[in-house]
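Tertiary structure, described
In case you want the letters, here they are:
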Amino acid sequence: MAERLPQASRQRRGKAMTAAAGSAGRAAVPLLLCALLVPGGAYVLDDSDGLGREFDGIGAVSGGGATSRLLVNYPEPYRSQILDYLFKPNFGASLHILKVEIGGDGQTTDGTEPSHMHYALDENYFRGYEWWLMKEAKKRNPNIILMGLPWSFPGWLGKGFNWPYVNLQLTAYYVMTWIVGAKHYHDLDIDYIGIWNERSFDINYIKVLRRMLNYQGLHRVKIIASDNLWEPISASMLLDTELLNVIDVIGAHYPGTRTVRDARLTKKKLWSSEDFSTLNNDVGAGCLGRILNQNYINGYMTATIAWNLVASYYEQLPYGRCGLMTAQEPWSGHYAVEPPIWVTAHTTQFTQPGWYYLKTVGHLEKGGSYVALTDGLGNLTIIVETMSHKHSRCIRPFLPYFNVSHQFATFLLKGSFSEIPELQVWYTRLGKPSKRFLFKQLDSLWLLDSGGAFTLELQEDELFTLTTLTTGGKGSCPPPPESQPFPQVYDDDFDVDYPFFSEAPNFADQTGVFEYFTNIEDPGEHRFTLRQVLNQRPITWAADAYNTISVIGDYKWSNLTVRCDVYIETPEKGGVFIAGRVNKGGILIRSARGVFFWIFANGTYKVTGDLAGWITYALGHVDVTAKRWYTLTLIIKEPACLSPTFCAGRTEIASDSGWRVSLPCLFLEWLNTLLSLWNR
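Presented here is a report on the structure given in the accompanying data block. All values reported here derive from a predicted model rather than from experimental measurement. (Residues numbered from 1 in each chain as written. Predicted model: local features only at pLDDT ≥ 70, side-chain atom pairs only at ≥ 80, totals over all residues. Heavy atoms only, no water.)

1. Some thoughts on helix α3 (residues 130–140)
Here is the rule we go by: Exposed residues in this analysis have more than 50% of their type's maximum accessible area, buried residues have under 20%, and partly exposed residues fall in between, with area computed by a 1.4 Å probe over protein chains only. In this text, helices come from DSSP runs of H or I with a minimum length of four residues, and strands from runs of E with a minimum of two, each type numbered from the N-terminal end. When checking whether two residues touch, look at their non-hydrogen atoms; a contact exists if any pair is within 4.5 Å.
Counting buried residues along α3, eight of its 11 residues qualify, which places the element largely inside the surrounding structure. By the burial criterion, the buried members of α3 are Glu130, Trp131, Trp132, Leu133, Met134, Glu136, Ala137 and Arg140. On its buried side, α3 packs onto β4 (57–62), α2 (78–87), β5 (97–102), β6 (145–150) and α4 (168–186).

Here it is, written out as structure tokens:
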């Protein structure tokens, strides 16, 4: 066949075959152009019989929870660079969808996010950082789709119950005010609203929410349900015509690329509304590359939303580095553009919501898959992936074994695509660093004399995008600063007159909400403070601790001194603690251990080995009362180990009133050494 190719075609074929041979010793990527003979097993891409489902986009989740917490503290220009890699079109991930948590004051995986309504008569639309993040996303991509979803709810909605559906109108009102506040205070149009993340839905609540949105003129805001499993929401919709009519999208989490029959029978849009949540190395990138194609091929899902947007939380919290990229060091400015960014770009940079999948998509004979999308105006984008089982396992669900092997795949363009003269080619190969390429542009593929046919030689763990669009780009910024540990000496007096964010830098709330507070009754050194503001337990999503706590610092600290001015507001029952070597956070915070020093308004103190207070090292009476400031100092010295498990150390405790306690103690040698504060 090669002898029958015109000379020009042979030259183009040679260029295509060697385009990716950039590394020393690396074999050329054999991208072959077949001109005349097309094997009977060719994969036909044809729109003659109409198109498939409408494509709704690729996105990511900020929240669920507090996953973008450290991002806001980054200095410029690094913060803007991170945002560019996430949202700027034709630069990095170029996301189509941003889904954010509607803060509800509760622990939702890696921390708490503040509600816009801590109490019934309280409204503040500048708390937290999700408003800021949505504006930054819109600044870079005005067409980005915005979604909101509650994980937890403020406690007043439950009226004493851990349940948001006690008063359906009240909860619908609460969610509606968040949507209206986004527009009124930040000029943000929310496109989709969810019900309750991965928890029970209430059919009547969904209907009430739709009516309330319509009453407020928010007809354009669409409802997605139920952000859990395909069932029972799908069956419920088939049995209830009104429910079917008010839900626009069925969203399932971690569907394993599969849907169910009832979901398809609703004829609604089907989304993987949370997926991925896998370590952002090459295996995580392979997971994402596989599901971005196969969520549609296997399950007709027209949008995939990755959890999470950016791993911008302390890595020792649950699901460390499970974001599209990593930005967890605002103190140094260091960040890492991880492989999932470039795997995402293979789809997002060459499609847009409103394009359509072709009906002719599917699996490759020897493993892998292909999809094709068109804008209906002559443009075509083809994405081919050959992710192996070993290098594409997501954190969930279980992935049945499959095999991918070396193969030649011939594609034939027919219908309106048969006259396409040229395709741009972008290439990724995951795996060993010596053979690794991330979103590399190869020479374009000429089809003028090929009859619309071309052949790809495919190895394991590769990703190709072939497209008529010429706008793709691999953005780059100057290298960020080198990684540095958390500063060994850190202090904050919270002396900020008009803080841009409600939370102090680098504090990560794990139960409760700690906010800047100006104490106008104190003209002295305690005028500016950090205050725990909740007075009741939220409607929880996870196992929140019974004591509020915020963490900061480095888990590797061993010898440390914690000093903090504290104030107990509640007489008799109030208290405060400082702690070091706290070993857990996030959804595991309730069982956190460490060295905790507590004082109480009733004039007692204790030292415990855990947040719950089950392990008591010392207790006694001290001159402490509410409504006074105290300076607490906790010194933890490197212990002399008596065994691999138990170590001897000394805890010194002092106050500004002059009393001091020195306690020899036995305690477990825990790894994490994050500072913790509590005030109730």
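2. Regarding the sheet that holds strand β7 (residues 192–193)
The condition that has to hold: A pair of strands is considered paired only if DSSP assigns at least 2 bridges between the two.
Spatial strand order, β4-β5-β6-β7-β8-β9-β10-β11: eight strands in a closed barrel with parallel pairing. Direction of pairing for β7 relative to strand β8 (residues 222–228): parallel, over a ladder of two bridges. Of the residues in β8, the one forming a bridge with Tyr192 is Lys222.

3. Some remarks on empty space enclosed by the protein
Here is the rule we go by: Each cavity reported here is a set of points on a 1 Å grid over the protein atoms alone in which a 1.4 Å probe fits but cannot get out, each pocket an open set with protein on both sides within 12 Å along at least five of seven lines, and each lining residue one with an atom within 4 Å of a point. Grid points are joined across faces, edges and corners, and a volume is the space filled by probe spheres set on the points.
Counted by the stated rule, this structure contains three cavities of 30 Å³ or more. Counted as a void, the largest cavity has a volume near 110 Å³. Around the largest cavity, the lining comprises 14 residues; the ones closest to its centre are Gly103, Pro114, Arg127, Trp131 and Trp178. Of all the elements in the fold, those that place two or more residues in the lining of the largest cavity are β5 and α3.

4. Quick notes on the environment of Leu380
One can find Leu380 in strand β18 (residues 380–385). Sequence spacing of Leu380 and Ser416 is 36 residues, and the spatial spacing of their C-alpha atoms is 9.9 Å. What Leu380 contacts, discounting residues up to four positions off in sequence, is Leu358, Ala372, Leu373, Leu413, Phe417, Ile420, Leu466, Thr467 and Thr468.

5. Notes on the state of the cysteines
What counts, and what does not: Note on terminology: pairs of cysteine sulfur atoms within 2.5 Å are recorded as disulfides.
Evaluated as defined, the whole model comprises one disulfide. Each disulfide pairs two cysteine sulfurs, and for Cys287 the partner residue is Cys394, the sulfurs being separated by 2.0 Å. Because the sign of the S-S torsion sets the handedness, a value of about 100° for the bond joining Cys287 and Cys394 places this disulfide among the right-handed ones. Within this pair, whereas Cys287 is found in helix α9 (residues 282–299), its partner Cys394 is found in the loop between β18 and β19 (407–413), the two being separated by 107 residues in sequence. Cys394 shares its class with Cys287; the two are buried. We note that Cys322 lacks a disulfide partner, and the nearest cysteine sulfur, in Cys287, lies 9.8 Å from it. For Cys322, a relative accessible area of 4% corresponds to the buried category.

6. Digging into the layout of surface pockets
For clarity, the cut-off: Following the grouping adopted for this structure description, the nonpolar residues are Ala, Val, Leu, Ile, Met, Phe, Trp, Tyr, Cys and Pro, the charged ones are Asp, Glu, Lys and Arg, and the polar ones are all others, Gly among them.
In this structure, the largest pocket occupies an estimated 1,300 Å³ of space. Along the walls of the largest pocket sit 43 residues, with Asp492, Phe494, Arg563, Cys564 and Asp565 positioned nearest its centre. Contributions of two or more residues to the lining of the largest pocket are made by β25 (514–518), β26 (528–532), β27 (549–553), β28 (560–567), β33 (629–636) and β37 (674–679). With eight residues, β28 is the single largest residue contributor to the lining of the largest pocket. Split by residue class, the lining of the largest pocket holds 21 nonpolar, 10 polar and 12 charged.

7. Re the pattern of salt bridges
Stated formally: We count a salt bridge whenever a side-chain nitrogen from Lys or Arg sits within 4 Å of a carboxyl oxygen from Asp or Glu.
Within the structure shown, the criterion is met by 19 salt bridges. Residues participating in the shared-partner salt-bridge network are Asp84, Glu136, Lys139 and Arg140.

8. Description of unusual backbone geometry
Along the chain, Gly64 connects to Gly65 via a cis peptide bond; the corresponding omega equals -10°. With respect to the helices and strands, the residue Gly65 is situated in the loop between β4 and α2. Located in the positive-phi region is Phe439, a residue other than glycine, with phi close to 55°. In this structure, Glu572 is a non-glycine residue whose phi angle is positive, near 65°. Inspection of the secondary structure puts Glu572 in the loop between β28 and β29 (575–582).

9. Focus on a nonpolar patch on the surface
To keep things clear, this is the line we draw: Here, patches come from residues exposed beyond 30% relative accessible area and free of salt bridges, joined within 9 Å for like charges and within 5 Å for nonpolar side chains (Val, Leu, Ile, Met, Phe, Trp, Tyr). All accessible-area figures derive from a Shrake-Rupley calculation using a 1.4 Å probe, and residue coverage is judged against the displayed protein chains alone.
Taken together, the side chains of Phe161, Trp163 and Val166 define a hydrophobic patch exposed on the protein surface, amounting to about 310 Å² of accessible area. Secondary-structure assignment places Phe161 in the loop between β6 and α4. Since its relative accessible area comes to 58%, Phe161 is described here as exposed.

10. Considering the pairing of β26
By the criterion of burial, β26 is predominantly enclosed, with four of the five residues buried. Here five bridges tie β25 to β26, and the two strands are oriented antiparallel to one another. Residue pairing in the sheet places Phe517 in a bridge with Thr529 of β26.

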